[in-house]
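Now for the letters of each chain:
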Amino acid sequence: NAGVMQNPRHLVRRRGQEARLRCSPMKGHSHVYWYRQLPEEGLKFMVYLQKENIIDESGMPKERFSAEFPKEGPSILRIQQVVRGDSAAYFCASSPPNSLYTDTQYFGPGTRLTVL
Amino acid sequence: DQQVKQNSPSLSVQEGRISILNCDYTNSMFDYFLWYKKYPAEGPTFLISISSIKDKNEDGRFTVFLNKSAKHLSLHIVPSQPGDSAVYFCAAHRGNQFYFGTGTSLTVIP
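Note that the coordinates shown come from a computational prediction; the quantities given were computed from them, not determined experimentally.

Definitions and limits used
- Residues numbered from 1 in each chain as written.
- Chains lettered and ligands numbered in written order.
- Predicted model: local features only at pLDDT ≥ 70, side-chain atom pairs only at ≥ 80, totals over all residues.
- Heavy atoms only, no water.
- Helix = DSSP H or I, 4+ residues; strand = E, 2+ residues; numbered from the N terminus.
- Buried < 20%, exposed > 50% of the residue type's maximum accessible area, 1.4 Å probe, protein only.
- Polar contact = N/O pair within 3.5 Å; in protein donor to acceptor, adjacent residues only side chain to side chain.
- Contact = heavy atoms within 4.5 Å.
- Buried area = accessible area lost by both parts, 1.4 Å probe.
- Nonpolar A, V, L, I, M, F, W, Y, C, P; charged D, E, K, R; others polar.
- Pairing = 2+ DSSP bridges.
- pLDDT = per-residue confidence, 0-100.

**With respect to the side chain of Gln105 of chain A**
If you trace the backbone, Gln105 of chain A turns up in the loop between strand 9 (88–95) and strand 10 (106–107). With a relative accessible area of 1%, Gln105 of chain A lands in the buried category. Looking at Gln105 of chain A, its side chain comes within polar contact range of the side chain of Tyr35 of chain A, at 3.4 Å. A polar atom in the side chain of Gln105 of chain A sits 3.2 Å from the side chain of Tyr36 of chain B.

Here is the structure:
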C-alpha cells in the first residue's frame with residue numbers, strides 16, 4: 001500500500017507565476033489536510049478537505065490560495081501569483097474516514113516551493 | 001498566535017540515557033495531543049498520542065506525560081538510541097484542526 005504521495009518534491013517559480021501542488025492520499029483515505037512549514041517554524045494548518053468538499057479552510061490565506069479534492073484524482077493546492085513569502089515546505093496528510101485519533105494521519109514527504 | 005510551543009529548539013543526549021522533550025500549550029479545549037518525528041526531506045511520522053482525559057501513555061521506549069493544570073506535555077524516550085536523532089513536533093487537536101509546535105531537534109550521541 002503506497003504511502004501519501006506528493007509531487008513535485010521541489011518546485012521553483014518566479015514571482016507572479018502559479019504553483020500547483022499535488023497530493024495523492026493513501027488508498028482508502030478520503031480526508032486530506034494541507035500544512036505549510038515556513039523556515040524555523042512549525043507546521044501550520046491550512047485546510048481540511050474530504051472528497052469534493054472543503055471542510056475547514058480557516059488556515060488558508062484569503063487571497064491567491066485555493067484547494068480542491070475532486071472525486072477522482074489528487075488533491076491540489078493552488079497558489080496564484082506567488083510571492084517570495086510563499087517559499088516554504090508544503091505537507092499533505094491523509095486519514096481514513098471515521099478516524100478518531102490522528103494516529104491514523106499519514107504525512108507525505110512534502111513539496112518544497114521556492115519563489116525567486 | 002502560537003498555541004503550542006516547544007521552547008527548546010535543540011537537545012543533545014548520550015546514547016542509553018533518557019531524552020525528555022517538552023511542549024506547552026495555551027488552549028484548554030484541546031482534546032488530544034500527539035508527537036511526531038521528522039527526518040530531513042521526509043514528512044512527519046506519528047509517534048504517540050494521548051487523550052486529554054489521561055495523564056500518561058506508554059508505547060515501548062516512548063512515554064508521553066500530560067499535565068493539564070500546567071498545560072504541559074512531555075515525551076520521554078528511554079533508552080535513547082542514535083536512530084532517534086530527528087526533529088520532534090508536538091501537536092494538539094481541536095475541532096478540525098491540528099496545531100503544531102516549532103519542533104525540537106534531538107541528537108543522540110553514540
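**Some thoughts on the interface of chain B and chain A**
At the interface, 19 residues of chain B touch 23 residues of chain A. Roughly 1,700 Å² is buried in total at the junction of chain B and chain A, and carbon and sulfur atoms are behind 57% of that figure. In terms of surface lost to chain A, no three residues of chain B exceed Asn96, Phe98 and Phe100 of chain B, which account for 32% of the buried area on that side. Where chain B packs against chain A, one counts four residue pairs in polar contact (both at pLDDT 80 or more). A per-element tally of the side of chain B that touches chain A places strand 4 (residues 32–38) of chain B first, with four residues. Looking at the side of chain B that touches chain A residue by residue, the class counts come to nine nonpolar, eight polar and two charged.

**Quick notes on the pairing of strand 11 (residues 111–115) of chain A**
All names here are of chain A. Side chains Thr111, Leu113 and Val115 of strand 11 all project onto a buried face; the interleaved residues Arg112 and Thr114 project onto a face where none is buried. The pairing of strand 9 with strand 11 spans three bridges and is classified as antiparallel. Across the sheet, the residue bridging to Tyr90 is Thr111, located in strand 11.

**Focus: the confidence of the model for chain A**
Close inspection of predicted coordinates is inappropriate for parts of the model with low pLDDT. Mean pLDDT over chain A: 90, with 92% of residues reaching 70 or higher. Strand 10 of chain A is the least confidently modelled element of chain A, averaging 90 in pLDDT, while strand 3 (residues 19–24) of chain A averages 98, the highest of any element.

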